[in-house]
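Structure assessment
What follows is the residue order along each chain.
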Amino acid sequence: MSTADPEALSQARSEAVVDSDSLSCPVPRSGHDTIQMGHGSGGRMSAELLSGTFLAAFTSAELAALGDAAVVDTPGGRLAFTTDAYVVTPRFFPGGDIGRLAVSGTINDLAMMGAKPLYLAAAFILEEGLPIEDLRRIVASAAATCKEAGVPLVAGDTKVVDRGSGDGVYITTSGVGIVPAGIEIGPDRARPGDVVIVSGAIGDHGIAVMSVREGIEFSGDLASDAAPLHILVAGLLEAAPGVRCLRDPTRGGLASTVNELAGASKVCIELDEAAIPVHAPVRGACELLGLDPMYVANEGKLVAIVDSSEAGAALEALRSNPLGREAAVIGRVTQGPAGMVSLRTAAGSSRIVDLLAGEQLPRIC
Amino acid sequence: MKYLEEFRDPKAVRELAVRIAAKATRPWVLMEICGGQTHTIVKQGLDRLLPESVEFVHGPGCPVCVTPLEQIDRAIAIARRPEVTFCSFGDMLRVPGSDTDLLEVKSAGGDVRIVYSPLDALALAQKRPDRQVVFFAVGFETTAPANAMAVAQAKRLGVENFSVLVSHVLVPPAILTLLASPTNRVQAFLAAGHVCTVMGYTEYEPIAAKYHVPIVVTGFEPTDILEGVLAAVTQLEEGRAEVENAYARSVTRQGNQPAQSLIREVFQVTDRKWRGLGSIPSSGLSLSEAYRDFDAELRFDVLDVRAEEPAACRAGEVLMGTLRPNACEAFGTLCTPEHPLGAPMVSSEGACAAYYRYGRTAPGGTAP
């Protein structure tokens with residue numbers, strides 16, 4: 001940006017949002033000629049890649065809605081349809097593995113539209129040299145998760161790539177489900193006065209994976225929360241059919257998800273830091289690594305925005321399921337600046353919570 | 001978490017803020033030196049809890065931000081070499097050099113890795129004798145002992161494929177530079193608790209006396225910082241200018257002597273360039289004669305990589321609180337967070353970057 005052109009400048013400014021919340025020192029460059037890891041972060045670079053490349057090419061209204069799954073009208077009713085790719089390293093981590101993740105992640109994308117998941121299909125991309133025993137473990141885990149969820153895998157594909165062309169195993173899982181009549185859930189439906197609920201403690205998955213990846217051992221139990229959430233959602237919708245928004249705070253964590261919802265609904269969301277559940281080992285690991293649990297991935301949690309009149313029933317329904325035992329009201333929707341997320345800090349002040357610009361990197365200072 | 005939660009207690013924070021407000025009868029300008037303290041202030045919103053009469057000027061104590069362009073360019077030149085595995089603390093990877101950053105070197109095929117300790121880099125060198133493992137040794141006095149330890153161990157163990165690119169800086173010379181400026185506005189300093197944990201605080205005593213400024217050794221949690229502010233404001237109101245230790249649970253006057261002797265053995269004091277402040281005499285560390293073999297600058301012959309900080313950048317004035325960021329000619333035109341000219345725009349905690357953000361979120365979308 002060495003130009004004084006007003007339009008370019010204005011764009012630079014809109015991209016120049018400093019993540020005071022992530023507080024990672026240097027602001028990353030943008031306008032890259034090649035794919036960077038930050039493009040996969042779920043933050044601002046991911047959003048730019050999505051809008052600049054994919055949404056420019058594919059123009060369906062269902063895609064543009066940017067839900068976790070698309071909801072399309074069919075003669076038989078409303079169909080929810082989604083696909084997701086799984087590339088986690090390491091393949092096995094405390095509390096799960098890539099197989100469990102590949103089933104529960106896609107089920108959750110359907111569930112976040114209020115759909116009852118019906119069928120899954122998966123493609124396995126295998127790298128030459130992958131131990132067959134590893135693959136068997138992964139497939140067995142995926143199958144067990146399907147059984148636990150009551151959602152069958154009905155189609156699939158395998159491909160093998162040269163050694164060095166992949167990282168052992170990549171899985172892409174697609175899923176379909178039916179959205180019951182009367183359920184209207186979308187990221188743009190939050191209204192001032194609504195209440196923001198999270199279904200449990202945040203950051204478990206990301207920190208569990210990182211602990212293995214970085215070879216860092218923490219005291220206490222660290223385990224991924226990867227789990228299918230459709231039963232939890234069904235219970236929630238039965239108790240609170242007016243749920244407005246549902247999203248699972250995966251990549252980019254709670255902060256990114258709440259930002260997406262505030263942006264799509266053009267509302268302000270105020271969170272209360274002290275109310276956000278974080279398990280002690282995760283909090284400790286984040287302190288040590290210089291990470292913010294608000295940006296760490298979850299694979300078995302949901303964020304719900306509900307009308308305040310249904311908040312009590314919603315909370316009770318979530319807490320009655322073991323997967324939602326630690327559900328908590330963490331904030332509310334207000335008439336403040338559209339798209340802004342603010343946080344009442346544990347110390348009693350307030351600050352803005354923004355999307356991460358790129359990857360969350362550990363800080364030195 | 002024990003030993004952390006009690007220093008974040010909202011009630012204690014509010015009580016301290018009230019005591020500071022009661023104490024401050026006049027406007028005072030305080031500088032917190034360390035980026036970690038700036039982090040807590042912004043993340044916890046402490047500045048918004050204080051009376052308007054107490055103004056924070058954010059100091060140059062973020063090592064990531066003050067590392068000069070030249071040193072980033074040297075890191076990039078080394079990291080691009082095919083035989084090199086380049087190890088760094090995470091947030092150094094996206095500091096812009098003249099035309100790229102280390103993350104882009106990684107995406108272009110360079111072997112660039114994040115480590116949490118220089119000893120991890122040393123272990124990697126032992127495991128991979130076929131690779132040249134280089135650690136980017138940046139930071140203030142806080143990180144110097146661990147970096148010195150890695151180099152000393154490499155020498156003791158004869159790990160010849162390990163080296164360090166040193167860009168260490170020291171706090172007292174930076175404070176002296178700020179104070180010596182005729183336009184200085186800072187009336188008291190919160191010294192960096194971690195730096196003083198290593199170095200003690202005797203170095204600050206002549207500075208406090210010479211310039212008649214209170215210097216309060218301060219920790220990093222919300223109540224730590226407000227204790228530091230309260231002590232500084234109290235001294236200012238009473239006309240005192242002493243070095244005071246508000247972080248006694250970690251800091252002693254003499255500091256950590258074994259760590260200091262290790263630093264003295266492995267490093268020597270040298271002149272260093274600071275991003276935004278320019279060259280400051282005797283403001284940094286380089287490897288001492290006995291450890292020259294581990295100097296990556298010599299091993300990879302990058303001393304001729306030179307880069308000048310852009311002349312248009314007036315970061316020094318911003319850092320001293322004499323220039324408002326949006327009053328700088330380069331602000332928002334030549335200098336943006338994507339293409340920062342100086343430290344305050346590089347760091348998301350920096351004053352220039354904060355003005356940029358404020359311009360977006362303030363009603364009407366204009367910077368104040």
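Reading the values: the criteria
Residues numbered from 1 in each chain as written. Chains lettered and ligands numbered in written order. Predicted model: local features only at pLDDT ≥ 70, side-chain atom pairs only at ≥ 80, totals over all residues. Helix = DSSP H or I, 4+ residues; strand = E, 2+ residues; numbered from the N terminus. Buried ≥ 20, exposed ≤ 12 C-beta atoms within 10 Å, placed from the backbone. Contact = placed C-beta atoms within 7 Å. Axes fitted to C-alpha atoms, helices over the stretch in contact; angles between N-to-C directions. Parallel < 35°, antiparallel > 145°, perpendicular 65-115°, else oblique. Left-handed = near helix turned anticlockwise from the far one by under 90°. Nonpolar A, V, L, I, M, F, W, Y, C, P; charged D, E, K, R; others polar. Domains from an automatic or database assignment. Pairing = 2+ DSSP bridges. Core = buried A, V, L, I, M, F, W, Y, C linked by C-beta atoms within 7 Å. Expected span 1.5 Å × (residues − 1). Bend = angle between axes of the 7 residues up to and from the residue. Arc of directions from axis to C-beta. pLDDT = per-residue confidence, 0-100.

1. Observations concerning the overall build of chain A
When helices and strands are counted, chain A shows 10 helices and 14 strands. The buried share among the 365 residues of chain A stands at 52%. Within chain A, contacts between residues at least 6 apart in sequence are counted, and of these 83% link residues at least 24 apart.

2. With respect to the packing of helix 1 (residues 10-23) of chain B against helix 12 (residues 222-238) of chain B
Residues and elements named next belong to chain B. Contact geometry of helix 1 with helix 12 gives a least axis separation of 9 Å together with a crossing angle of 15°. Taken together, the axes of helix 1 and helix 12 lie roughly parallel to each other. You can see that helix 1 and helix 12 cross each other, and the crossing is left-handed. Note on element contacts: helix 12 touches helix 1 through P222, T223, L226, E227, V229, L230, V233, T234 and E237, opposite A12, V13, L16, A17, R19, I20 and K23. In the contact of helix 1 with helix 12, the residues fall into 10 nonpolar, 2 polar and 4 charged.

3. Quick word on the packing of helix 4 (residues 98-111) of chain A against helix 5 (residues 132-149) of chain A
Residues and elements named next belong to chain A. One way to put it is that helix 4 packs onto helix 5 with a least axis distance of 6 Å and a crossing angle of 35°. Here helix 4 and helix 5 pass one another in a crossing that is right-handed. Contacts between helix 4 and helix 5 involve I98, G99, R100, A102, V103, S104 and I107 from the former and I138, V139, S141, A142, T145, C146 and A149 from the latter. Here the contact of helix 4 with helix 5 is composed, by residue class, of 9 nonpolar, 4 polar and 1 charged.

4. A closer look at the domain arrangement of chain A
Residue and element names in this part refer to chain A. If you check the domain split of chain A, you get domain 1 (61-179) and domain 2 (195-352). Listed as interface residues are 24 residues of domain 1 and, on the opposing side, 21 residues of domain 2. Mapped by element, the contributors of at least two residues to the side of domain 1 that touches domain 2 are helix 4, strand 5 (116-127) and helix 5. Ranked by residue count, the leading element in the side of domain 1 that touches domain 2 is helix 4, at 9 residues. Partitioned by chemical class, the residues of the side of domain 1 that touches domain 2 number 12 nonpolar, 8 polar and 4 charged.

5. Some points on the sheet that holds strand 5 of chain A
Residues and elements named next belong to chain A. Spatially, 1-2-7-5-6 is the arrangement adopted by the 5 strands of the open sheet, whose pairing is mixed. Whereas interior strands pair on both sides, the edge strands pair on one side only; in this sheet they are strand 1 (70-74) and strand 6 (153-161). If you compare each strand with its neighbour and ignore which way they point, the axes differ by 20° on average. Where strand 5 and strand 6 come together, 8 bridges link them in parallel fashion. In the strand pairing of strand 6, A121 is matched with A155.

6. Here we look at the domain arrangement of chain B
Residues and elements named next belong to chain B. Here chain B is partitioned into domain 1 (5-62 + 171-245), domain 2 (65-169 + 255-299) and domain 3 (315-363). Look at where the C-alpha atoms of domain 1 and domain 2 centre, and you get two points 30 Å apart. Facing 16 residues of domain 1, the contacting portion of domain 2 comprises 16 residues. Put simply, the parts of the chain that give the side of domain 1 that touches domain 2 at least two residues each are strand 2 (54-61), helix 9 (171-180) and helix 10 (193-199).

7. Here's the deal with the nonpolar core
In this structure, I20(B), I78(B), F189(B), A191(B) and V229(B) are the most contacted members of the largest nonpolar core, which totals 127 residues. The element contributing the most residues to this core is helix 12 of chain B, with 8 residues. When neighbours within four sequence positions are excluded, I78(B) is seen to be in contact with V84(B), F86(B), V134(B), L165(B), A296(B), F300(B) and V302(B). Core analysis: the next-biggest nonpolar cluster, separate from the first, contains 89 residues, A111(A), V198(A), V209(A) and L323(A) among them.

8. Some thoughts on the environment of E227(B)
Residues and elements named next belong to chain B. The topology assignment puts E227 in helix 12. Considering only alpha carbons, one finds E227 and V217, 10 residues apart in sequence, at a separation of 9.9 Å. Filtering out sequence-adjacent residues up to four positions away, E227 remains in contact with L16 and A246.

9. So, the sheet that holds strand 5 (residues 132-139) of chain B
Residue and element names in this part refer to chain B. In space, the 6 strands of this open sheet follow the order 4-3-5-6-11-10, with mixed pairing throughout. Every other strand in the sheet has two partners, leaving strand 4 (111-114) and strand 10 (267-274) as the edge strands with one partner each. In this sheet, neighbouring strand axes are inclined to one another by 25° on average, regardless of whether the strands run parallel or antiparallel. Sheet topology note: the strand 10/strand 11 (residues 278-287) ladder contains 7 bridges and is antiparallel. For Q268, the partnering residue across the bridge sits in strand 11 and is S286. Across the sheet, helix 9 lies against strand 10 and strand 11, angled at about 175° from strand 11, the strand it touches most.

10. Observations regarding helix 2 (residues 44-57) of chain A
Residues and elements named next belong to chain A. If you check helix 2, its first and last C-alpha atoms are 19 Å apart, about what 14 residues at 1.5 Å a residue would give, namely 20 Å. Helix geometry: helix 2 is bent most strongly at S51, by close to 30°. Listed as buried for helix 2 are R44, M45 and A47.

11. Description of the pairing of strand 5 of chain B
Residue and element names in this part refer to chain B. In terms of burial, strand 5 is a largely internal element, 8 of the 8 residues being buried. The two faces of strand 5 match: Q132, V134, F136 and V138 on one face and V133, F135, A137 and G139 on the other face are all buried. As defined by bridge partners, strand 3 (residues 84-88) adjoins strand 5 across 4 bridges and the pair is classed as parallel. Across the sheet, the residue bridging to V84 is Q132, located in strand 5. Bridging between strand 5 and strand 6 (residues 162-169) involves 7 bridges; their strand directions are parallel. Each residue of the ladder has a partner; that of G139, found in strand 6, is H168.

12. Looking at the pairing of strand 7 (residues 169-179) of chain A
Two faces belong to every sheet, and in a regular strand the side chains alternate between them. Residue and element names in this part refer to chain A. Judged from the 9 bridges that link them, strand 2 (residues 77-86) and strand 7 form a sheet pairing that is antiparallel. Within strand 7, the position partnered with A80 by the bridge is G177. Relative to strand 7, strand 5 is paired through 10 bridges, and the arrangement is antiparallel. Among the inter-strand pairings, A122 is bridged to a residue of strand 7, identified as T173.

13. Re helix 7 (residues 230-239) of chain A
Residue and element names in this part refer to chain A. Those residues of helix 7 that fall on the buried side of the exposure criterion are H230, L232, V233, L236 and L237. Down the axis of helix 7, the smallest arc covering the buried residues is 150°, so these residues share one side. Taken together, the buried residues of helix 7 touch helix 4, strand 5, helix 5, strand 9 (245-247), strand 11 (303-306) and helix 10 (311-319).

14. Topic: the confidence of the model for chain A
Low pLDDT means the predicted atomic positions in that stretch should not be read closely. On average, residues of chain A score 88 in pLDDT, and 87% of them reach the 70 mark or higher. Confidence drops under a pLDDT of 50 for residues 1-23 of chain A, and excluding neighbours within four residues, the segment shows 60 contacts in the predicted structure.

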